[in-house]
Amino acid sequence: MKTRHFPLNRKPSDRSCGSTEHTLHRRLFLQGAMAAGVASTGSFSGLFSVPALADVAKKSGKKCILLWLCGAPSQFETWDPKPGTETGGPFQAIETNLPGVKISSLMPQCATIMDKLAVIRSMKTEPGEHFQGIDVLTRGDQPRPPFTRPILGSVIAQQLGQLDSPVPQFVLLDPCPEGNEFKQFKAGNWAGWLGAEYGPIRAGGNYSIPNINRLDEISQVDHADREALRKFLSSKFENDQRSEAAASHNAAFNRVNGLMSCAPLFDLKQLPEKDRQRYGGGAFAQHALQARHLIENGSTFVMVANGMPWDNHVFQHEMHQMLVPELDNVLYQLVSDLEDRGMLQDTLVIAMGEFGRTPWLNEARGRDHYPKAWSLAMAGGGIRGGVVHGATDPLGFEVVEGQVDNRNLFATIFEALGVDPHQEYDLPGLPTFYRVEEDAQPIREILV
Amino acid sequence: MEKIELKRTKKFDLPSGVLAVAVSKDATQAVVGCLHGVYQLNLETGEHERLYQHDSYVSSVAWLGEQKIVTAGYDGEVCWFDLAKNSRIQRQKVHEFWSWDMTLSPDQTRLASVTGQYIAGGYKYEPQAEKEPSIRILSAETGELLWSLTHVPPVQAVAISPDSKFVAAGNLMGEVRIYDLDDGTLVAQWTTPDFTSWGIIKSHCYLGGIFSMEFAPDGEHLLLAGMGPMRDPMAGNGKQLWQRWGWRDKQPAMIDQTHAGEAGEGLMETIAVRSDTSHFLMGGRLRGGEWNAALFDHESGQRVASLKTGYRMTEAVYLGDGKRVLLAGLKSQPKKSKQGKFGDFGRVEIYSF
């Protein structure tokens, strides 16, 4: 039986799960941030130099890092190799630390942590074009115009985010300004019916967040005084006039003010050099490291992308020889770091694209789009490691066991994060929506 | 400029896509390197037989005398095979990564194979420095390692000069290095950025590079083939591009390149020079335009003939007296298999001038 839950349009203060861990006193937070601002010119670790703040940030419940492999990676060159067959491509398969389980030879590091990963080899979805595929695999379902289903990051930020945190709860790190269909998608409505406040803060590469650094000519004290005055006047106006516009303006200002206080989090150069080298030099790897830092410091959902480099209709193997090892290292470092920090249990890491790639090679030495049988991987945050779910036939044409679609996948993700997958959105006069439609069930096998 | 007509005289289908072909001295037999094995092909009848398989795609083939062949593959191995005995003579791991390309010196004493994996080194995906020597020079007879030479990976094309004294190798970034095969010294080095794409859209990384190279018969010039830069490196729509470089001078200089208005779009994967230097042939994939194989006058660089083969061309070999040319490549792999078997998608053709 499904449970009818709260409507979507309730007040922001009602939207968190209710845990006191999600509520942080703004003054305390800003005091901490300001104190840290002085101390953190060399390292943003100073941002949470006030122990109480650091503790709150770290205890704040489940989080998620989505390594968004836009363009769609090949399952043959990652999680479901078919070496020696007509469709297998040029790369071999290697043993992993799970007896009997092999993955692509391009992933030697992940082979050593397969006991921490859950791999789904039986994804079968509908859309075969990028835009529609991205839509379904980031929102969980097909569009029902004119209603826009919120993207996964917006849902998680709304459900699990710390509303009073100055650190953005949903961050998109993507340095590539254009990605064809992904560009169109990025220009669209991310948060859907949740409202723009749950959309992502975008950063990465040239997408540094503008105007979040305090001007040199304004001292820290002067800045604080100005903020106090602004706050007093705008609150008075908001109260006197009962103005929603003023409230909205204040919310926006607070968001920017919060961003100013955590500007160092967005500066790649302030990440420890040793860590930067360990993750690898490429933009995707660097931003994956940045994602870890953001999660450590209070973000709830970070999506890491790099345009849509996986769409290898041309040069499939020439591109995958570079992209897969980078993913291999990033996933290994991320999972290992989160485990070392005691955060893996509460941080879900997902590595997936919008579909897979064809078993056959096209004339341009590429693989084309293939939603009928593809793979992805997850770790941590409520997911059981050491499980390979589902299977494809020997040439990788069809799913033959444990079929999973986008709804099952999203039910699994929500369940793992402690979010009710089947919540009903009861909007007067509008069709009924569910967080996951059709009562689709999660993959129990990979849930803790 | 007199136009040349190319007329197809033979056409053979092979079970697997063709990446490399070498033809016997009498032009009656070919050994064919495919995605899924090494084949021997009778060029008169079209009869073919699979001889053996590497552990991955077969990237290069060469005749060693009249009865032996040498092949290299994406498994990083070089294999010697005796056709008369139908048996493998030797199998040798030469690289940790692929052998992208392999060639024998004209005097048949030395073998050069090039390798290298593209691993992201910097924020813009500049290639990392090599983890293993990118160029290996072996004794063609015994497989003994003669030289390990450095380059920046991935090194995708290799050629040996007609006098068998120099080896040239070109990479993803358009860098060419030429080494003296007698003492292993670097004698020329330059970079042409015209073959390399950095993705302005879709993906910020490098793609393309030099895919084929050949010395002119006089040894003075080096011909390079590939594709011009693209905004979207995954589009495959760069200009069909060759360049001719004089490499003997202290500062190597480009002498000529694909003339304006004579090229369409697509990656060029093979370039072959006729021994009398009257013309050379470049071929590859047709992405946009009118041809995917064309003859160019060696002296003027003008296009004198062109073809649309209908498949991606990976190899061109002048036969015998140079009055015929063998072209080979692959079509799309069939989308359906019958009981695990795909239809033929490799192609070998012979054209006469």
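Just so we're clear, the structure is a prediction, and the values are computed from it rather than from any experiment.

What follows deals with the overall build of chain B. Each helix and strand in chain B was counted, giving 0 helices and 30 strands. In terms of overall dimensions, chain B is globule-like: its C-alpha atoms have a radius of gyration of 19 Å, near the 20 Å expected for 353 residues. Counting only C-alpha atoms and orienting by the principal axes, one finds that chain B spans roughly 45 × 45 × 45 Å.

Here we come to the confidence of the model for chain B. Across chain B, the average pLDDT comes to 95, with 99% of residues at 70 or higher. Our summary of model confidence lists the complex with pTM equal to 0.88 and ipTM equal to 0.96.

On to unusual backbone geometry, then. The peptide bond linking Pro153(B) to Pro154(B) adopts the cis configuration, its omega dihedral lying at -5°. Within the secondary structure, Pro154(B) is located in the loop between β13 (145-149) and β14 (155-160). Look at Ala72(A): it is not a glycine, yet its phi comes out positive at around 85°. Assignment of secondary structure puts Ala72(A) in the loop between β1 (63-68) and β2 (93-95).

Take the sheet that holds strand β4 (residues 37-42) of chain B next. All names here are of chain B. Strand order in this open sheet of 4 strands is β2-β3-β4-β5, and the pairing throughout is antiparallel. Edge positions in the sheet fall to β2 (18-23) and β5 (48-52), since each has one partner strand and no second. On average, adjacent strands in this sheet sit at an angle of 25° to one another, irrespective of strand direction. Summarising the sheet, β4 and β5 pair through 4 bridges and their orientation is antiparallel. Considered in β5, the bridge of Leu 41 is made with His 48.

Thresholds applied
- Residues numbered from 1 in each chain as written.
- Chains lettered and ligands numbered in written order.
- Predicted model: local features only at pLDDT ≥ 70, side-chain atom pairs only at ≥ 80, totals over all residues.
- Helix = DSSP H or I, 4+ residues; strand = E, 2+ residues; numbered from the N terminus.
- Rg over C-alpha atoms; globule rule 2.2 N^0.38 Å.
- pLDDT = per-residue confidence, 0-100.
- Pairing = 2+ DSSP bridges.
- Axes fitted to C-alpha atoms, helices over the stretch in contact; angles between N-to-C directions.

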